[in-house]
Amino acid sequence: MSGMLKSAFDKEEDGDVIIKGKPSLRPKDAATLILVRRDQTQPRVLMGKRAGGSAFMPDKYVFPGGRVDPHDGKAVAWQELRAEVEAKLRLQSRRLPRSMALTAIRELFEETGLIMGRSAEMPDTCPVGWDDFHRMDIAPDLAPLTFIGRAVTPPYRPRRFDARFFMAEAEEALIDERPPVDGAELSDLQWVTLADAMKLDLPSVTRFMLGEIGERLAKPDEDHRPPYLRWTRSGHQTDRL
């Protein structure tokens, strides 16, 4: 694991856009969802390519995800987060845990068309951004989510996020077997093995989280504490929550 930690952090020379001579932006809360499929010999994860014109991680392959919307925490859910997942999300965080989990599910749908939820009779009114779920009478399901890591974008980037990474088993979590559909934010969506994913053009943090997934899949009975990657006055730091 120590060898992996050396490559976990974003670097100025990684080819992304950098800013200098300006105050650092405050990181915005974000959530990312790593779906794992086990219907073949080797587990596969869903990844897509960001648009080349993006200010944040252009042309990089990433997992679906995005910024937390203030309305996300108000969405109705089929099941809430498991107690142990919620407890870890509360550590060193003011954000309501369910809001980050709901963001991950909303962003998955918006970027891929895949639905993580269950059929339910939904209320007539809904929070901003959740119209489609209510129209389809589908409630997002938080119970399959596992919190696997947290990472804060370094201060020299034009976009900064405090991202929570979630993992879910696709066969358990998704409402049906529909294929992912490319959109404006992610293209070339594909299910890839961990080995093939490592060959893609990845941000450092994405590569690191793939390693976390590999550890969890290889040793499912162990207690895996989520890593917390962030910038401090003394430089990059990694802790375990």
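The paragraphs below set out a description of the structure included in this document. (Residues numbered from 1 in each chain as written. Predicted model: local features only at pLDDT ≥ 70, side-chain atom pairs only at ≥ 80, totals over all residues. Heavy atoms only, no water.)

### Regarding the packing of aromatic side chains
In this description, an aromatic ring pair is defined by two values, namely the gap between the centres and the angle between the planes. This structure, assessed with the given rule, holds three aromatic pairs. With 6.2 Å between their ring centres and 50 degrees between their planes, Phe147 and Phe166 make a pair best called tilted. Taken together, the residues Phe147 in strand β7 (residues 146–152) and Phe166 in strand β8 (residues 161–169) connect sequence positions 19 residues apart. The burial state of Phe147 is the same as that of Phe166; both residues are buried. Among the aromatic residues, those joined into a ring-pair cluster are Phe109, Trp130 and Phe133. Positioned over the ring face of Trp191 is Arg37, at 5.2 Å from the centre of the ring. (Phe/Tyr/Trp six-rings, centres within 6.5 Å; stacked < 30°, edge-to-face > 60°. Helix = DSSP H or I, 4+ residues; strand = E, 2+ residues; numbered from the N terminus. Buried < 20%, exposed > 50% of the residue type's maximum accessible area, 1.4 Å probe, protein only. Lys NZ or Arg CZ within 6 Å of the ring centre and 35° of its normal.)

### Quick notes on the pairing of β8
With eight of nine residues buried, β8 lies mostly within the body of the structure. Looking at chain direction, strand β1 (residues 28–37) and β8 are connected through nine bridges and run parallel. Paired with Asp29 across the bridge in β8 is Asp162. (Pairing = 2+ DSSP bridges.)

### Some details on unusual backbone geometry
Phi at Asp137 takes a positive value of approximately 55 degrees, unusual for a residue other than glycine. Mapped onto the elements of the fold, Asp137 is located in the loop between α4 (131–135) and β6 (138–140). A relative accessible area of 35% means that Asp137 is categorised as partly exposed. Of note in this structure, Asp188 is not a glycine but carries a positive phi near 50 degrees. Here Asp188 lies in strand β9 (residues 186–193). Given the relative accessible area of 34%, Asp188 is considered partly exposed.

### Here we look at the environment of Asp162
Assignment of secondary structure puts Asp162 in strand β8. Placed 136 residues apart in sequence, Asp162 and Arg26 show a C-alpha to C-alpha distance of 9.2 Å. Not counting residues up to four positions away in its chain, the partners in contact with Asp162 are Pro27, Lys28, Asp29, Ala30, Arg150, Ala151 and Val152. At 2.7 Å, the side chain of Asp162 forms a polar contact with the side chain of Arg150. (Contact = heavy atoms within 4.5 Å. Polar contact = N/O pair within 3.5 Å; in protein donor to acceptor, adjacent residues only side chain to side chain.)

### A word on the pattern of salt bridges
For the structure on display, the rule yields 21 salt bridges. Asp29 serves as the salt-bridge partner of Arg95, at 2.9 Å between the closest nitrogen and oxygen. A residue pair is termed long-range when its members are at least 10 positions apart, and Arg95 in the loop between α2 (83–90) and α3 (97–112) and Asp29 in strand β1 qualify at 66 residues. Note on Arg95: relative accessible area 29%, which makes it partly exposed. Through salt bridges with shared partners, one network takes in Asp29, Arg95, Arg150, Asp162 and Arg164. (Salt bridge = Lys/Arg side-chain N within 4 Å of Asp/Glu carboxyl O.)

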